[in-house]
Every structure is written in structure tokens, then in C-alpha cells.
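Now for the letters of each chain:
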Amino acid sequence: MDVSSATTRPTSTSAVPLRRSLPYIIYSPSSPPTLLSHPHHLPLSQRTASDDCQLSKVPPRSTRPSFMAPKLAHASETAGLFYPRLGVSSPFDARHDFVTSPVFSPLVLALVRLTLGTYALVVLLYHLIYEAVKTHDVDGFFSYFTHLSYIGLIAYLYASGVQTLVYAVTRRKSYPLQRWPRPLQFLHYLLYSTITTYPIVVTVIFWALLADAETLSTKFNAFTNISEHMMNTVFAVVEVTLTNASPSPWLHLPICVFMLACYLGVAYITNATQGFYTYSFLDPEKQDAKLAGYIVGIAAAECLAFLLVRGLTWLRMKLSKRNSSTLPDGTEDGRPSEEWEEVERPTSSIAHAV
């Protein structure tokens with residue numbers, strides 16, 4: 001028997017039927033993808049050395065390029081350009097402005113924030129419980145913009161107070177918000193923009209349009225109205241002037257105005273469901289054409305409050321000299337300082353000997 005004929009690979013398609021192979025792609029970093037037929041679909045007797053080489057070159061599925069990669073890269077690039085305009089830099093708050101003060105140490109600032117937040121929380125709970133027990137008129141409590149903005153103020157004072165306390169306890173290295181996702185960092189900054197402008201709008205509108213003889217007629221009315229319609233602005237001014245927070249980005253202004261516009265929906269839903277307007281100047285039957293003027297006036301008041309807060313922030317930064325770009329680690333804008341310092345060359349005993 002001829003051994004060579006026994007080991008010869010068959011060449012007739014009638015003797016061994018060929019299976020149609022499916023296409024596959026060879027990926028290479030230095031060459032474009034190549035469409036080939038997959039050697040796995042060939043019988044073992046018909047595979048060649050080149051087929052085995054091709055199989056060894058097929059990368060694992062995890063390393064093959066994904067058709068989603070360009071879209072994800074584009075989305076990441078867009079977010080990287082958009083977030084800084086919203087005040088969310090990378091790294092976030094590198095100078096630790098949100099947790100430091102030009103007047104207090106971080107620990108004292110944390111205690112001040114938590115104390116003011118506790119006072120505001122006690123006022124809100126006392127007002128809510130009093131109306132629920134005494135007047136039985138608590139159904140529309142959360143429909144008033146005063147109470148909603150007061151809740152936002154409490155939330156920020158507690159959130160920022162806890163962040164500042166952690167920053168003080170960890171010896172001023174970092175605080176949790178710096179490691180959180182960027183959407184949460186943006187929401188924290190946006191909340192700061194609202195609690196520094198909305199209280200001013202609430203105070204001005206209340207004492208200009210809504211205050212009457214009953215505003216301070218009883219101890220309860222005096223306590224709640226002063227705390228919710230006067231102290232709220234004091235809390236906002238404290239945050240603007242006694243912290244190192246940077247001015248709110250301009251893109252926060254249209255967002256704040258938009259949220260004010262959304263409150264109109266809350267006011268009219270309250271009227272439709274409970275039969276009263278939270279504020280008399282929103283009643284179209286009584287105000288008629290003046291209603292549009294009031295709405296535009298409130299939006300203008302928010303814009304003026306935003307400008308006022310930016311002006312106070314700029315003045316505070318000028319006085320405290322925090323507008324410099326020096327970071328806590330002694331670098332400038334995250335880069336080492338390029339200023340030269342002249343030092344005296346140390347004397348060497350070997351040099352004197354020579």
C-alpha cells in the first residue's frame with residue numbers, strides 16, 4: 001500500500017463535499033479590516049497552515065472595535081465641553097471654594113451652616129404643625145413658593161454643611177462631592193444658584209405686594225413671616241459673602257427663570273384642585289391685564305437678583321483676593337508654578353580647598 005497516497009489531501013469535490021463558510025473579519029491595528037471566510041467552517045482535512053494562522057490572529061470579542069465606540073466618544077466629548085459651562089469643572093472645585101470661607105475655618109463654617117439649617121428646619125416644622133393642629137389649613141402648605149424655596153434653602157445648608165464638615169475632619173484634603181458623578185455636582189451648584197436668588201425675590205415680593213396689617217399682628221405671624229420672608233435673605237447673603245463660592249454660571253440664570261415659570265403650573269393646579277390661588281396677584285379674574293405684567297416682573301426680579309448676587313460675589317472675591325488661580329497644593333490652575341525663585345548657592349568645603 002502506498003503511504004503517500006493515504007495521506008494525500010483529497011482534491012475532488014465529489015468525494016468530500018465542501019461546506020460553504022461564513023464570512024468573518026480580521027482586525028489589525030496597522031491595516032483595514034479584511035473580509036475572509038472563517039476557517040472554523042472548513043473540515044479539518046481541508047484546513048491549511050494559513051487557515052490556522054488566521055484563526056490565531058482573530059482577536060477576542062472584548063478587544064474588537066464596537067460600532068458604539070464613536071457615538072460614546074462623541075457623547076463624552078460633548079459632555080466635556082458642556083459641563084464646564086454649567087460650572088462643573090474637572091476636577092470639580094479644585095480650590096475647595098464650596099467648603100471654605102474667607103472669614104471662618106472649615107469647621108466653623110460647617111457649624112454655621114448646620115446651625116442655620118437647623119433653625120430653618122425648626123421654623124418650617126413649627127409652621128407646618130401649627131397649621132395642621134390649630135387652623136386645620138395645611139392642604140396647600142407645599143403649594144406656596146415661599147415654603148418650596150425655604151425647603152431648598154434647608155436642603156442646601158445641610159448638604160453643604162455635611163460636605164464642609166467632612167472636609168474639615170479629613171484635614172482639608174477633599175470632600176465627597178468632588179468624587180460624585182458630574183450630574184450631582186451640577187445639581188449642587190444649581191441648588192446654590194437658587195438659594196442665593198429665590199429668597200431675595202420672595203422677600204421683595206412679599207413685603208412689596210403681600211404684606212398687610214396682619215403680617216405682624218400676632219407672635220406666630222411675626223415669627224413665621226420674619227423667619228420665612230426676611231431671614232431667608234439673610235441666609236442667602238451669608239452664603240454669598242461668607243463663603244468662597246464662585247459666581248454662578250450665566251447658564252444657571254435661564255434655568256432658574258424656567259423653574260419659576262414651572263411654578264405657575266403649580267399655582268394654577270392648586271386652584272383647580274383646591275379652589276384658591278396661592279398668591280392673589282396670580283388670579284386672572286382680579287388682575288386681568290396686570291397678570292402678564294406681574295409674571296414678567298417676577299422674571300425680571302429673578303434676573304436682577306442673579307446680577308446682584310454675582311456683583312456681591314465679585315466684590316467679596318476682590319476683598320478676599322480669592323480670584324487668584326492658586327490651588328490648595330500651591331499650583332496654578334492645576335499646573336506647577338513657573339515663577340523663578342532666586343536661591344543662594346550652597347558653599348562647598350571642596351570648592352574652598354581647590
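Here's a quick rundown of the structure. (Residues numbered from 1 in each chain as written. Predicted model: local features only at pLDDT ≥ 70, side-chain atom pairs only at ≥ 80, totals over all residues. Heavy atoms only, no water.)

Examining the packing of aromatic side chains
Filter applied, for reference: Aromatic rings from Phe, Tyr and Trp, with only the six-membered ring used for Trp, were paired whenever their centres fell within 6.5 Å, and each pair was classed as stacked if the ring planes differed by under 30 degrees, edge-to-face if by over 60, and tilted otherwise. Each residue is placed in one exposure class: buried if its accessible area under a 1.4 Å probe, protein chains only, is under 20% of its type's maximum, exposed if it is over 50%, and partly exposed if it falls in between.
Enumeration over the complete set of coordinates arrives at 22 aromatic pairs. Seen in terms of ring centroids, Phe 141 and Phe 142 are 5.2 Å apart; in terms of plane orientation they differ by 80°. Their pairing is edge-to-face. For Phe 141, a relative accessible area of 1% gives the class buried. An aromatic cluster is defined as three or more aromatic residues linked by ring pairs; in this entry it consists of Tyr 144, Phe 145, Tyr 198, Tyr 263, Phe 276, Tyr 279, Phe 281 and Tyr 294.

Quick word on the packing of helix α7 (residues 198-210) against helix α8 (residues 219-229)
Note the cut-off: Note on method: axes are straight lines fitted to C-alpha atoms, helices fitted across the in-contact stretch only, with angles between N-to-C directions ranging 0 to 180 degrees. Helical segments are the DSSP runs of H or I of at least four residues, strand segments are the runs of E of at least two, and each set is numbered from the N terminus. For classification purposes, angles smaller than 35 degrees are called roughly parallel, those larger than 145 roughly antiparallel, those between 65 and 115 roughly perpendicular, and all remaining angles oblique. Contacts: residue pairs with any heavy atoms within 4.5 Å of one another. Gly is put with the polar residues, along with every residue not named as nonpolar or charged; the nonpolar set is Ala, Val, Leu, Ile, Met, Phe, Trp, Tyr, Cys and Pro, and the charged set is Asp, Glu, Lys and Arg.
Axis separation between α7 and α8 bottoms out at 9 Å; the angle between their running directions is 135°. By the angle class used here, α7 and α8 are oblique. Together, Val 202, Thr 203, Phe 206 and Trp 207 of α7 and Asn 225, Glu 228 and His 229 of α8 make up the contact between the two elements. A class-by-class count of the residues in the contact of α7 with α8 yields three nonpolar, three polar and one charged.

A short note on the pattern of salt bridges
Selection rule: Here, a salt bridge means any side-chain nitrogen of Lys or Arg that lies within 4 Å of a carboxyl oxygen of Asp or Glu.
Under the counting rule described, the total for this entry stands at two salt bridges. Close ionic contact of Asp 97 with Arg 95 constitutes a salt bridge, the shortest N to O distance being 3.2 Å. The shortest N-O distance in the salt bridge between Glu 239 and Arg 113 comes to 2.9 Å. On the criterion of sequence distance, the pair formed by Glu 239 in helix α9 (residues 231-241) and Arg 113 in helix α4 (residues 106-135) is long-range, its members being 126 residues apart. For the pair Glu 239 and Arg 113, a shared accessibility class is recorded, and that class is buried.

What to know about the environment of Met 259
Here Met 259 shows up in helix α10 (residues 252-274). Linking Met 259 and Thr 194, residues 65 residues apart in sequence, is a C-alpha distance of 9.5 Å. The contact partners of Met 259, leaving out residues within four places of it in the chain, are Leu 190, Thr 194 and Tyr 198.

Thoughts on the packing of α7 against helix α12 (residues 290-320)
Between two packed helices, the angle of one axis relative to the other and the distance separating the axes together describe the packing. For the record, the criterion: Should the near helix be turned anticlockwise from the far one by less than a right angle, the crossing is left-handed, and should it be turned clockwise, the crossing is right-handed.
Here α7 crosses α12 at 130°, and the two axes come no closer than 9 Å. Relative to α12, the element α7 is oriented oblique. Between α7 and α12 lies a crossing whose hand is right-handed. Across from Tyr 198, Ile 200, Val 201, Ile 205 and Leu 209 in α7, the residues of α12 making contact are Tyr 294, Ile 298, Ala 301, Glu 302, Ala 305, Leu 308 and Val 309. Its residues assigned to classes, the contact of α7 with α12 comprises eleven nonpolar, no polar and one charged.

Some remarks on the environment of Thr 203
In plain terms, the rule: Each polar contact in these results corresponds to two N or O atoms within 3.5 Å; when the atoms are within protein, one needs to be able to donate a hydrogen and the other to accept it, and residues that are neighboring in sequence are counted only if both atoms are side-chain atoms.
Position of Thr 203 among the secondary structure elements: in helix α7. For Thr 203, a relative accessible area of 15% puts it in the buried group. The residues touching Thr 203, leaving out its near neighbours within four places in the chain, are His 229, Met 230, Asn 232 and Thr 233. Only 2.9 Å separates the side chain of Thr 203 from the backbone oxygen of Pro 199, close enough to count as a polar contact.

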